[in-house]
2 protein chains.
Amino acid sequence: MAYQLLDGRAVAAQMNAEMADQVARLCAQGKRPPHLAAILVGHNAPSEAYVDAKVRACEKIGFLSTLIRYEDDVPQRQLLDKINELNHDSTIDGFIVQLPLPPHFSTDKVIEAIDYRKDVDGFHPVNVGRLALGLPCFRSATPAGILELLRRYRIPTQGKHCVVLGRSNIVGKPIANLMLQKDYPGDCSVTVCHSRSQNLHEICLSADILIVSLGVPNFVRHDMVKQGAVVIDVGITRLPNPDRPNGFQLTGDVLFDDVATHCSFITPVPGGVGPMTIASLMNNTLLARTKAVYP
Amino acid sequence: MAYQLLDGRAVAAQMNAEMADQVARLCAQGKRPPHLAAILVGHNAPSEAYVDAKVRACEKIGFLSTLIRYEDDVPQRQLLDKINELNHDSTIDGFIVQLPLPPHFSTDKVIEAIDYRKDVDGFHPVNVGRLALGLPCFRSATPAGILELLRRYRIPTQGKHCVVLGRSNIVGKPIANLMLQKDYPGDCSVTVCHSRSQNLHEICLSADILIVSLGVPNFVRHDMVKQGAVVIDVGITRLPNPDRPNGFQLTGDVLFDDVATHCSFITPVPGGVGPMTIASLMNNTLLARTKAVYP
């Protein structure tokens, strides 16, 4: 069957162009452009790459960005002091703490220290709770990016069965809560499955929309996908590949070549959910700048 | 097939006895018993009955209780001032605002005005968010009561398929988020369905645990229930019945006589989830008194 690619790179570029326009308008009014700060602790290679991509996205759109780096052994107290400083810095609209943090940190405490009105990652309990309640909030960037992708491709969702594989706090749970809301995209029956699920294949086979966020490369095969399904692959694992210049290759949770012919729409990896995540973080930062979520 | 009744009245009585013991121990140490306040606006008959049942539960267990009543036309400002007063009253451990409120209120604003550390109904965004994140919180009373019922009957849940009918903020969404956590009871695959769901019958038929919270009397029939399923009926609608002394009869969302023989376990209405809800509110109040959730 012919499938259509959900081209996250193209949609993200379109979003970026729209945001660049808005920034230009802000500046024409003599206003400061949006300003995102990122805190990076240590030298985890994927984290370095993500933060770098976020800083480059800011530059491309015309946002200001500030990168704050600490070594692995920075005391939690020092990080919390910096968060407190950013909370009170009126020149910073939003900021993120790149995860994962080294093991001596309490990630929960660090996230809760962020003023939820500047929590453009949408990880603070207030934003998580407001998302579940259907209230205005900063929506976590990956789920927000998935929604935007579905919206721009006008994929019907109402009443459909959306199956989410994975129950992480930053992808699985929030996308499930979003797809359940009485909104477009959304208004689905939503099932969340995970490593403990019985009848996983059977449940996946009943999905009209399958969102996979397990972090298990090539987990989903054609025998788990209904003909005509929409498949969103959030997985992005670095598998060693000596033929590549950087020695690895980004691999999704869906075995693309095996699954694609079963799908009506499918995201590639890379170039699907990844660019949408960064564009959504930028969008949250713009919303923070214009106080569109929290006046 | 023989089914077993999930006797919420009996389990709630057991919980109440345990809580009464704890209160007696607190008092023996010279400490004040837990103190719950309830705000009731107007004269909605079911609300009156619920608040009355909560006050009586307090008396039975040895909690202090305070009922604050307003007429329908009380200005929102006055209600918010009272909430602020209760937030700062150290003799009140927790309080609730009985819902629904009359139409001129913003329910969201009223709930957000409650200090989340006294929000024993678990409706504040901080508690909703922490519940989704798997962090300690006040869990909304009906979902917490359902979990306790499953726990006391030692019903296996790990890896099972739990289907929730209804996506309300106070039952459907929180019970779905709880049944998904890596805990007992929980660790299920969880599906949430609602009025817009396609293939509702088919999805219900795949449920090992079916939790029904639609508010549609007798909606679930035997052809929607798998042999051996566990059925939890949250529905409690007042249907007119001239043969009853008060002129109505409480009716669940499950047609009990039609469905029970398909079940391994089933809750009756009344006497199932209802008493568990009140016992769970009491439990939250005790947790507030002992600062077990928020130190």
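Residues numbered from 1 in each chain as written. Chains lettered and ligands numbered in written order. Predicted model: local features only at pLDDT ≥ 70, side-chain atom pairs only at ≥ 80, totals over all residues.

Engineer: Looking at this structure, how should I read the overall build of chain A?
Structural biologist: A count of helices and strands for chain A gives ten helices and eleven strands. For chain A, the C-alpha atoms occupy an extent of roughly 50 × 40 × 35 Å along the three principal directions. Each of the 295 residues in chain A was classed as buried or not, and the buried ones make up 49%. Contacts in chain A between residues at least 24 apart in sequence constitute 68% of all its contacts with a sequence separation of at least 6. (Helix = DSSP H or I, 4+ residues; strand = E, 2+ residues; numbered from the N terminus. Buried ≥ 20, exposed ≤ 12 C-beta atoms within 10 Å, placed from the backbone. Contact = placed C-beta atoms within 7 Å.)

Engineer: Before we go on, may I ask you to explain the nonpolar core in this structure?
Structural biologist: Ranked by size, the top nonpolar core spans 170 residues in total, and within it A:Leu210, A:Ile211, A:Val231, B:Leu210, B:Ile211 and B:Val231 carry the most contacts. The greatest single-element share of this core, amounting to nine residues, is contributed by helix α10 (residues 273-289) of chain B. (Core = buried A, V, L, I, M, F, W, Y, C linked by C-beta atoms within 7 Å.)

Engineer: Help me understand the sheet that holds strand β7 (residues 209-212) of chain A, please; the structure alone is not making it clear to me.
Structural biologist: Remark on secondary structure: sheet strands pair via backbone hydrogen bonds, oriented parallel or antiparallel. Spatially, the twelve strands line up as an open sheet ordered β1(A)-β11(A)-β8(A)-β7(A)-β5(A)-β6(A)-β6(B)-β5(B)-β7(B)-β8(B)-β11(B)-β1(B), and their pairing is mixed. Bordering the open sheet on either side are β1 (4-5) of chain A together with β1 (4-5) of chain B, each of which pairs with just one other strand. Strands β6 (189-193) of chain A together with β5 (161-165), β6 (189-193) and β7 (209-212) of chain B of the sheet are contacted by helix α7 (residues 172-180) of chain B, whose axis makes an angle of about 165° with β6(B). (Pairing = 2+ DSSP bridges. Axes fitted to C-alpha atoms, helices over the stretch in contact; angles between N-to-C directions.)

Engineer: Could you clarify how one ought to interpret helix α7 (residues 172-180) of chain A in this entry?
Structural biologist: Since the α-helix turns once every 3.6 residues, residues separated by three or four places project in the same direction. With respect to burial, α7(A) is a largely interior element, nine of its nine residues being buried. Among all positions in α7(A), only A:Gly172, A:Lys173, A:Pro174, A:Ile175, A:Ala176, A:Asn177, A:Leu178, A:Met179 and A:Leu180 are buried.

Engineer: Honestly, the interface of chain B and chain A in this entry has me stumped. Any pointers?
Structural biologist: The accessible area lost on association of the parts is a frequent measure of interface size. Residue-level contacts link 28 residues of chain B with 28 residues of chain A. Looking at the side of chain B that touches chain A, the elements that each hand over two or more residues are α5 (125-133), α7 and β6 of chain B. When residues of the side of chain B that touches chain A are assigned to their parent elements, the largest contribution, seven residues, is made by α5(B). Here the side of chain B that touches chain A is composed, by residue class, of eleven nonpolar, ten polar and seven charged. (Nonpolar A, V, L, I, M, F, W, Y, C, P; charged D, E, K, R; others polar.)

Engineer: Help me out: how do you make sense of the sheet that holds strand β3 (residues 64-70) of chain B in this one?
Structural biologist: Residue and element names in this part refer to chain B. The three strands lie next to each other as β3-β2-β4, forming an open sheet whose pairing is parallel. If you trace the sheet from one side to the other, it starts and ends with β3 and β4 (94-97), each paired once. Averaged over all neighbouring strand pairs, the angle between strand axes comes to 15°, with direction disregarded. Judged from the four bridges that link them, strand β2 (residues 35-41) and β4 form a sheet pairing that is parallel. If you follow Ile 39 over to β4, its bridge partner there is Val 97.

Engineer: Explanation requested: unusual backbone geometry in the structure shown.
Structural biologist: Negative phi characterises most residues that are not glycine, and trans characterises most peptide bonds. Put simply, A:Leu99 and A:Pro100 share a cis peptide bond, and its omega is 0°. A positive phi angle is found at A:Lys291, which is not glycine, with a value near 50°. Along the chain, the position of A:Lys291 falls in the segment after α10 (273-289). Despite not being glycine, B:Asn218 shows a phi value in the positive range, around 60°. With respect to the element layout, B:Asn218 can be found in the loop between β7 and β8 (229-233).

Engineer: It is not clear to me how the environment of A:Ile114 should be interpreted in this structure. Could you clarify?
Structural biologist: Residue and element names in this part refer to chain A. Here Ile 114 is to be found in the loop between α4 (107-113) and α5 (125-133). When the C-alpha positions of Ile 114 and Leu 286 are compared, they lie 18 Å apart, and in sequence the two are 172 residues distant. The contact partners of Ile 114, leaving out residues within four places of it in the chain, are Ile 83, Asn 87, Asp 119 and His 124.

Engineer: What's the story with the relation of the copies chain B and chain A in this structure? I'm lost.
Structural biologist: The pair of chain copies shares a relation made of a rotation about an axis and a shift along it. Once chain B is rotated about the relating axis by 180° and shifted along it by 0.0 Å, it coincides with chain A to within an RMSD of 0.0 Å. A rotation of that kind, with that shift, is consistent with a two-fold axis. A symmetric contact is evident, with 100% of the interface residues of chain B recurring at the interface of chain A. (Least-squares fit on C-alpha atoms with pLDDT ≥ 70 in both.)

Engineer: Just checking my understanding: could you explain helix α3 (residues 76-87) of chain A for this structure?
Structural biologist: Residues and elements named next belong to chain A. The first and last C-alpha atoms of α3 sit 16 Å apart over twelve residues, in line with the 16 Å expected at 1.5 Å per residue. The complete set of buried residues in α3 reads Leu 79, Ile 83 and Leu 86. For α3, the buried positions fall inside an angular range of 60° around the axis, keeping them on one side. Facing away from the buried side of α3 by over 90 degrees, the exposed positions are Arg 77, Gln 78, Asp 81 and Glu 85. Summarising the contacts, the buried residues of α3 are in contact with β2 (35-41), β3 (64-70), β4 (94-97) and α4. (Expected span 1.5 Å × (residues − 1). Arc of directions from axis to C-beta.)

Engineer: Got a minute to help me understand the confidence of the model for chain A in this structure?
Structural biologist: Close inspection of predicted coordinates is inappropriate in any region flagged by low pLDDT. Of the residues in chain A, 100% have a pLDDT of 70 or more, and the chain-wide mean is 97. Across the interface, the model reports ipTM at 0.96; the global pTM reads 0.97. (pLDDT = per-residue confidence, 0-100.)

Engineer: Please clarify how the pairing of β2(A) should be interpreted in this entry.
Structural biologist: Where a strand is regular, its side chains alternate between the two sheet faces. All names here are of chain A. The element β2 is largely enclosed, with a buried count of seven among its seven residues. Because side chains alternate across β2, one face comprises the buried residues His 35, Ala 37, Ile 39 and Val 41, and the other comprises Leu 36, Ala 38 and Leu 40, equally buried. In terms of strand pairing, β2 meets β3 through seven bridges, oriented parallel. Bridged to Leu 36 within β3 is Ser 65. Once the chain exits β2 it traverses helix α2 (residues 45-61) before rejoining the sheet at β3, and the crossover so formed is right-handed. (Right-handed = clockwise from strand over helix to strand, strands pointing away.)

Engineer: So what exactly am I meant to see when it comes to the environment of A:Gly272 here?
Structural biologist: All names here are of chain A. Along the chain, Gly 272 turns up in the loop between β11 (263-266) and α10. The class of Gly 272 is buried, set by 30 C-beta atoms lying within 10 Å. For the pair formed by Gly 272 and Asp 115, sequence separation is 157 residues and the distance between their alpha carbons is 30 Å. Setting aside residues no more than four positions away along its own chain, Gly 272 makes contact with Leu 6, Gly 8, Asp 233 and Thr 267.

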